[in-house]
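A structural walkthrough
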Amino acid sequence: MALQRVYQELDERMKPTLHFYLYTPDYRYDFTEFVTGHEWSGDINIACETFEITTYNKQLKNDRRWLPYEEGYMVKVMLEYPEGKGFPKPTELFRGVIAARTINGDGTEQLRVHDYNWYLQQNEITRSFKNMRADQIIAEVCRLADVGVNYMDKTGYVFAELEFIEKTLWEIIQTVLTETYLRTKKRYNIRSEYGKLSLREVTMSPNRMIIERGRNLIGSSREVSIEEVKTQVIMTSGESQRNTRVVKVDAAAKKKYGTLTAVEHTQDVYGSGGLSAIAQGFLDEMKKPSDHVSVEALADYNISAGTLIEAYDEMTGMNDYYFVTAHSHSGQNGYGTMQLELSKSYNPEFVPYEKPDEDKTESGGSADLDSKIDNISYMSGFIGTAYDPRLGGINGSGDYSKTATGTKWAYKRTIAVAPKVIPYGSIVHINVPTMPEFTGLYLAEDTGGAIRNENGGKRVDVLIEGRTNTSRFGRRNVEVAILEKGKGAADARAKAAKWSSIKAAWQKKLDQRSKGGKGGKTGDPKRDKVVELARSYKGKLKYDWGGKNIPSGKGDCSGFVYYIFKQIGVDLGHGTMTQITKGKKIATSAAQPGDLVFFKGTIKSRGANAVSHVGIVTKPGYCVSLASSGCKEHGFLPSTNKTWGKHFMQINRVL
């Protein structure tokens, strides 16, 4: 079907202007006349859109401020039209919260205002979701962050179970939408409308704005690349990558571009039909060449991230519809220019689900739940015994399936206690010095007559599998630490239902207690300070190519690394190609917090093997870096992050 140009333009006389409103607990202020400039920006890979607003806020007769801008106050931006018959009514363009501001002695004040989806990237959780669609999961994580929900398209596919450990709410949203796409081939756009999150399926809307040379286009550039294309996918599933394999090949793409293979793995177990569908989803995503366009045009505030537009420019070959993947509008009162990043397809960051290993503990100073933990208080004088309900009646009732609190017992979780000493629902760490294999984290969910009465109630009965092990355990002295006091039988039942998530959350807390911080400290003040500073910017920075002004909230990867190290007196120079020459390259296995990690192939114009990104190592296999999706802590090896792992280049030691 031939493309038909659809002209949707307002008469110049009907062009709206921007009006800015500040909401305090007591008043609403129209501060439009104080605004001297603004920049409105967004990206389909970033949770929120942002207004950077510059105001003149100095009273003429003294050095006092006119308006009481404060962090946490709401700002609205309205599109307002001339009054009269036939003119549209005012419409809301943006609503958000003041997250940061800068006050200057000359009276200027800069406000950084994020829409309310910003809270999705500011909150981390450990949580499981069962038998829920993506839209239901998104609604639930919004509730956890007190983000309102507006319109939500139903996404169709129901996930049996997804578990996330230490993930931001935004990462969870990216993952469930990626996995939905793999199964349904449908894409969804997240945006904030009237201060609430909306989820809408991406469609080919006929109402498209046009950007065209000779009318509103100022400049453009275009890059088409097959450097990231894959023409065949080998897919495996289950606990081992040696399990069921499915191979999907796109014959046409292979003939045109050659053999380009990707190996993908999912820990979920599928039949051959289900695994084939997932493999096809990956192939459909990877077989298309990238077609990336950058344009500068006269500002149109009806265009933002996710908008479908038409673009025409004979010189660059633009002659089609494009999705806006990122935008930046700047100017004053609605007049100015906009920079747009365009793509032929709507392809937000691909974040496949990786099932966490709940028994895996991180090395490099993290707490080991299977040994005595530093910096927590244990009670001595406890007697430890063992039982297995399959070997006889439980609680003397002959019920082999239920504990005293009504839970279904579980090995490596259930203990029987005297409730007056250790209340039901308590989370307990038991240290068994003479049999350390039974040291671990347990839930108080059972009891018995002897346990209640012996040794003043200072006895715990550990549920252990098998006659041999229970006999071997016998009676011995143990140490008990009550990490969280329970609230009764109902509390025990609730905690038993989500034990894997609770265990992971306590792993995180104990990591911080054990060695002084997440992932541990090195004992080197400079290294520890670098990691502390780098982590303090997580979720607080906006990516700006070539940007170096990190205190203002903007910058790029090398600018971020330069700024962090400058705080401890180390000058790494600017740019990844300069920074990779600093220090010395070391073995990946020797990486320590505070080292630099470099990546290649993330900037296509530099080529597949040229350095293009840099981050700061925080713990084994992980780093903090500033990329297009913001400042995040992420894996850098194939084992800790499949996407970044494909681009890993080397580790440099500069401290």
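In what follows, the accompanying structure is described. Computed from a prediction, not measured in an experiment: that's the story for all the values here.

Next up on the list: the overall build of the chain. Helix and strand content of the chain: twelve helices and 35 strands. Across the 655 residues in the chain, those meeting the buried criterion constitute 52%. For the chain, long-range pairs separated by at least 24 residues make up 68% of all intrachain contacts whose partners lie at least 6 apart in sequence. Accessible area for the chain stands at about 30200 Å²; split by element, carbon and sulfur atoms hold 49% of it.

Turning next to the packing of aromatic side chains. For the structure on display, the rule yields 21 aromatic pairs. Taking the centre distance of 5.5 Å and the plane angle of 75° together, the rings of phenylalanine 164 and tyrosine 353 count as edge-to-face. Within this pair, whereas phenylalanine 164 is found in strand 10 (residues 158-168), its partner tyrosine 353 is found in the loop between strand 21 (335-343) and strand 22 (379-387), the two being separated by 189 residues in sequence. Using a relative accessible area of 3% as the deciding quantity, one classes phenylalanine 164 as buried. Grouping aromatic residues by their ring pairs yields a cluster made of Phe20, Phe31, Trp40, Phe51, Tyr69, Phe94 and Tyr301. Over the ring of phenylalanine 473 we find arginine 476, and its NZ or CZ is 5.4 Å from the ring centre.

Here we have six strands laid out as an open sheet, ordered 30-35-31-32-33-34, and antiparallel in their pairing. Single-partner strands in this sheet number two, and they are strand 30 (584-586) and strand 34 (630-635). Taken over all neighbouring pairs, the strand axes of this sheet differ in orientation by 40° on average, direction set aside. Two elements, strand 30 and strand 35 (residues 648-653), share three bridges in a ladder whose sense is antiparallel. Directly across from lysine 584, in strand 35, lies its bridge partner arginine 653.

Where strand 18 (residues 290-298) and strand 21 come together, seven bridges link them in antiparallel fashion. Directly across from valine 293, in strand 21, lies its bridge partner leucine 342. Relative to strand 21, strand 20 (residues 318-332) runs antiparallel, the two sharing nine bridges. Paired with histidine 329 across the strands is methionine 338, a residue of strand 21.

What follows covers the sheet that holds strand 11 (residues 188-193). Whenever strands of a sheet pair, they do so through backbone hydrogen bonds, lying parallel or antiparallel. The sheet built from three strands is open, its strands ordered 9-12-11 with mixed pairing. The two strands at the open ends of the sheet, each matched to only one other strand, are strand 9 (149-152) and strand 11. The average angle at which neighbouring strand axes cross in this sheet is 20°, direction not considered. Looking at chain direction, strand 11 and strand 12 (residues 196-201) are connected through six bridges and run antiparallel. Looking at the pairing, serine 192 lines up with leucine 197 of strand 12. Docked against the sheet, helix 1 (residues 134-144) engages strand 9, strand 11 and strand 12, running at close to 175° with respect to strand 9. Across the sheet, helix 2 (residues 169-184) lies against strand 11 and strand 12, angled at about 145° from strand 11, the strand it touches most.

With that out of the way, let us pick up the packing of helix 1 against helix 2. It is the contact of helix 1 with helix 2, at a shortest axis distance of 10 Å, that shows an interaxial angle of 175°. Here helix 2 runs roughly antiparallel to helix 1, going by the angle between their axes. Mapping the contact onto sequence places Ala134, Ile137, Ile138 and Val141 in helix 1 and Leu169, Ile172, Ile173, Val176, Leu177 and Thr180 in helix 2. For the contact of helix 1 with helix 2, a count of residues per class yields nine nonpolar, one polar and no charged.

With respect to burial, helix 10 (residues 557-566) is a largely interior element, nine of its ten residues being buried. Taken residue by residue, helix 10 has Cys557, Ser558, Gly559, Phe560, Val561, Tyr562, Tyr563, Ile564 and Phe565 as its buried positions.

A full pass over the atoms with the stated rule returns 32 salt bridges. In this structure, arginine 475 engages glutamate 454 in a salt bridge whose closest nitrogen and oxygen atoms are separated by 2.4 Å. Placement of the pair is arginine 475 in the loop between helix 6 (467-473) and strand 27 (476-484) and glutamate 454 in the loop between helix 5 (449-453) and strand 26 (459-463), with a sequence separation of 21 residues. Note on glutamate 454: relative accessible area 22%, which makes it partly exposed. Here arginine 653 makes a salt bridge to aspartate 595, at a shortest N to O gap of 2.9 Å.

About the cut-offs
- Residues numbered from 1 in each chain as written.
- Predicted model: local features only at pLDDT ≥ 70, side-chain atom pairs only at ≥ 80, totals over all residues.
- Heavy atoms only, no water.
- Helix = DSSP H or I, 4+ residues; strand = E, 2+ residues; numbered from the N terminus.
- Buried < 20%, exposed > 50% of the residue type's maximum accessible area, 1.4 Å probe, protein only.
- Contact = heavy atoms within 4.5 Å.
- Areas by Shrake-Rupley, 256 points an atom, 1.4 Å probe, with all protein chains shown as cover.
- Phe/Tyr/Trp six-rings, centres within 6.5 Å; stacked < 30°, edge-to-face > 60°.
- Lys NZ or Arg CZ within 6 Å of the ring centre and 35° of its normal.
- Pairing = 2+ DSSP bridges.
- Axes fitted to C-alpha atoms, helices over the stretch in contact; angles between N-to-C directions.
- Parallel < 35°, antiparallel > 145°, perpendicular 65-115°, else oblique.
- Nonpolar A, V, L, I, M, F, W, Y, C, P; charged D, E, K, R; others polar.
- Salt bridge = Lys/Arg side-chain N within 4 Å of Asp/Glu carboxyl O.

That's the geometry; what it means functionally is another story.
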